[in-house]
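# A closer look at the structure
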There are 2 protein chains.
Amino acid sequence: MSARLEVFAVDGLPEIMPGDDLAELIAAHADVRDRDVVVVASKVVSKAEGAIERPRDGETPAQARARVVAEQAVRVVAHAPWATIVETRHGFVCANAGVDASNVPDGALVTLPDDPDASARRIRDGLLRRPGVGVGVIVTDTFGRPWRTGQTEVALGVAGVPALRSEIGGHDRAGRPLDVTEAAIADELAGAADLVRTKAAGVPVVIVRGLAFVADEAASGRDLLRAGEIDLFRRGRGGLASALVAEPAAFSGPVDPRDLWRAQAAVEAVCGATVRIRQVRPRARRPGTELIVDADADATAGLAAGVLLALLVDLGYGAVLVETLEAPTVWAGRPDPGV
Amino acid sequence: MSARLEVFAVDGLPEIMPGDDLAELIAAHADVRDRDVVVVASKVVSKAEGAIERPRDGETPAQARARVVAEQAVRVVAHAPWATIVETRHGFVCANAGVDASNVPDGALVTLPDDPDASARRIRDGLLRRPGVGVGVIVTDTFGRPWRTGQTEVALGVAGVPALRSEIGGHDRAGRPLDVTEAAIADELAGAADLVRTKAAGVPVVIVRGLAFVADEAASGRDLLRAGEIDLFRRGRGGLASALVAEPAAFSGPVDPRDLWRAQAAVEAVCGATVRIRQVRPRARRPGTELIVDADADATAGLAAGVLLALLVDLGYGAVLVETLEAPTVWAGRPDPGV
């Protein structure tokens, strides 16, 4: 017999105020049992922790919002006239850095919790004080995603329950090794919790009961964040401009020959000019952003070099020097902080 | 009192074979009730429907896989030496076009169902034949996602249950209009179902009971697909090369002045050359891919033009003609099929 989950909201919680003890409130309104996963919307965590910003003197609401989003963001991931996707200081990629103005007093802006793992741990610690209760806690928020419409609830902070259910290295029923299979169960738990509530209904805490899991004291929402080097969507629409101007190299190691071949083939197809690469190597110590153009190259060679430069940056290379036979010598990106 | 969900696997299903009637098998192994949502892994749907490819004579397994992935894909979304993300002919964006070799006889490759909505409807129709049963059916697969590690189960095909729970135009508890909030509940249902199984355990069908929903005869997995024009992540790493060479324009309308300003500012910062745009307009009728370079432009102007061209393509513009004062006249993209 397989596992059977129950998913239900904790009813009757009051409006959460700064300083509230969420664990105490949850325990007072729900019969939290051993092995329950308690899923808490980050909005109430932020409110309880006072993660609320207000407009400064003279700021319009729009100005205050732009300032707070900028403070929470470390880089722009995608840019369009109708939306800006950023990476937050925590490493989450989402619209508007998760800054939210709904269900809060007029003018105030709720930011994501400062440290969602710590928030989850605090709630868990509070619940663990009750005898016989070994629980997981997940702090969640509502994020959009590329390619698919609608938002889903995802896990920002995790305590006590694993973020991932790894089947890497496992085998299928015929004994063949499985491809990389690692279920993001903390995100699936967050989504399951969302099914029993709506934003307007005011049910910020949901319990998932019946999950088969082994308590994981080292669990973290960071387990769900993909490292930049293996992120194929580090930049979205408009992100190339930011990368060319301001972003340090995603890779500064040697260029993969397959990448170089791909970029060269594209330049040749588009420009009708062959770009024979003399060498590509990590850029030497040279401060500032600049492009080196051979004086005797012509416009066609320049055009090809410009496209090649953009393609290499699109492929994730930053501080590379490209020496070619026909085209100008170019390099892309700004210096690594360390060189 | 809020809704209470139960999530449980349908135990005891046999290994699914081509021609099997999934609705009949599900009904024989589970007490499906009114308002249940039946979540079915696409793998068994594909098997029942015979969506299985085999290597052709002389093909190695790797060659067969590459061929089948290419047949299922309409474009490359992101390209890296270690992975290829494509858009399938259905419109799903995923690794390897969803082609899978686990839990199938050696050498065979399971493709995604031909029409997942139709598959979901067929299963639903089969279950509806039983009196008093009004159900939703979701056909799912396991997809990775940008920025976050791990895979989640997502909805490919939907029947009877809404794919999205729209709160657009709704109000929060203080009466303020909510920002765009549209929960992708079919994906959250798919994820919830994944919590009671593992790939190796062979439980392809899960029932979610207790969801509050109104039967939606027009529901479709396509409701979850984001249109290309508003997709900020139409291309990932390495996608610019494909776009420059082969991809028709994502936009062929007028260039947004904010985009143009952004591209110009980036060119100026990187190349140290001002590119004053004379005009940007939809490309005139001109067959083939070509770049027009003024004979009297120099290498620096060419470089700036090459970068500008790449930036406009990165912003999603394809068939645009850029006439500048200093730099070569360039255009990017190939002709629209219609011109």
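Before reading on, note that the structure itself is shown above.
The paragraphs below set out a description of the structure included in this document. Note that the coordinates shown come from a computational prediction; the quantities given were computed from them, not determined experimentally. (Residues numbered from 1 in each chain as written. Chains lettered and ligands numbered in written order. Predicted model: local features only at pLDDT ≥ 70, side-chain atom pairs only at ≥ 80, totals over all residues.)

Soluble globular proteins tend to bury their nonpolar side chains together. Ranked by internal contacts, the top residues of the largest apolar core, which has 144 residues, are Ile138 and Val206 of chain A together with Ile138 and Val206 of chain B. Core analysis: the next-biggest nonpolar cluster, separate from the first, contains 48 residues, Leu240, Val307 and Ala310 of chain A together with Ala301 of chain B among them. (Core = buried A, V, L, I, M, F, W, Y, C linked by C-beta atoms within 7 Å. Buried ≥ 20, exposed ≤ 12 C-beta atoms within 10 Å, placed from the backbone.)

This brings us to the environment of Ala64 of chain A. Residues and elements named next belong to chain A. In this fold, Ala64 is placed in helix H3 (residues 61-72). Owing to 20 C-beta atoms within 10 Å, Ala64 belongs among the buried residues under this scheme. C-alpha separation for the pair Ala64 and Gly107, spaced 43 residues apart in sequence, amounts to 8.8 Å. With residues near it in sequence (within four places) discarded, Ala64 still touches Pro55, Arg56, Glu59 and Leu109. (Helix = DSSP H or I, 4+ residues; strand = E, 2+ residues; numbered from the N terminus. Contact = placed C-beta atoms within 7 Å.)

Turning next to the packing of helix H1 (residues 22-29) of chain B against helix H4 (residues 116-128) of chain B. All names here are of chain B. The geometry of H1 relative to H4 is characterised by a closest axis approach of 8 Å and an angle of 50° between their N-to-C directions. The angle between H1 and H4 falls in the class oblique. Pair H1 / H4 crosses with right-handed handedness. From H1, Leu22, Ala23, Glu24, Ile26 and Ala27 reach across to H4, where they touch Ile123, Gly126 and Leu127. Of the residues contributing to the contact of H1 with H4, the split by class is six nonpolar, one polar and one charged. (Axes fitted to C-alpha atoms, helices over the stretch in contact; angles between N-to-C directions. Parallel < 35°, antiparallel > 145°, perpendicular 65-115°, else oblique. Left-handed = near helix turned anticlockwise from the far one by under 90°. Nonpolar A, V, L, I, M, F, W, Y, C, P; charged D, E, K, R; others polar.)

It is worth spelling out the pairing of strand S8 (residues 136-143) of chain B at this point. All names here are of chain B. A large share of S8 lies buried, amounting to seven of its eight residues. Inspection of the sheet shows strand S2 (residues 37-41) paired to S8 by five bridges, in the parallel sense. For Val40, the partnering residue across the bridge sits in S8 and is Val139. Note: S8 against strand S9 (residues 152-159), seven bridges, orientation antiparallel. Residue pairing across strands places Phe143 opposite Thr152, the latter belonging to S9. (Pairing = 2+ DSSP bridges.)

This part covers the sheet that holds strand S12 (residues 205-209) of chain B. Each strand in a sheet pairs with its neighbour through backbone hydrogen bonds, running either in the same direction (parallel) or in the opposite one (antiparallel). One open sheet accounts for 10 strands, arranged S9(A)-S8(A)-S2(A)-S12(A)-S1(A)-S1(B)-S12(B)-S2(B)-S8(B)-S9(B); its pairing is mixed. Each of the sheet's edge strands pairs with one partner strand only, and the pair in question is strand S9 (152-159) of chain A together with S9 of chain B. Between one strand axis and the next, the sheet turns by 25° as a mean value, whatever way the strands run. Across the sheet, helix H5 (residues 185-194) of chain A is in contact with strand S1 (4-9), strand S2 (37-41), strand S8 (136-143), S9 and strand S12 (205-209) of chain A together with S9 of chain B; its angle to S9 of chain A comes to roughly 125°. Against the sheet, H4 of chain B makes contact with S2, S8 and S9 of chain B, and its axis sits at roughly 65° relative to S9 of chain B, the strand it touches most.

Let us look at unusual backbone geometry. Residues and elements named next belong to chain B. Phi is positive for Arg35, which is not a glycine, with a value near 75°. Residue position: Arg35 is located in the loop between H1 and S2. Its identity is not glycine, yet Ala97 carries a phi of approximately 55°, on the positive side. In this structure Ala97 comes out as buried when scored by C-beta crowding, with 25 C-beta atoms within 10 Å.

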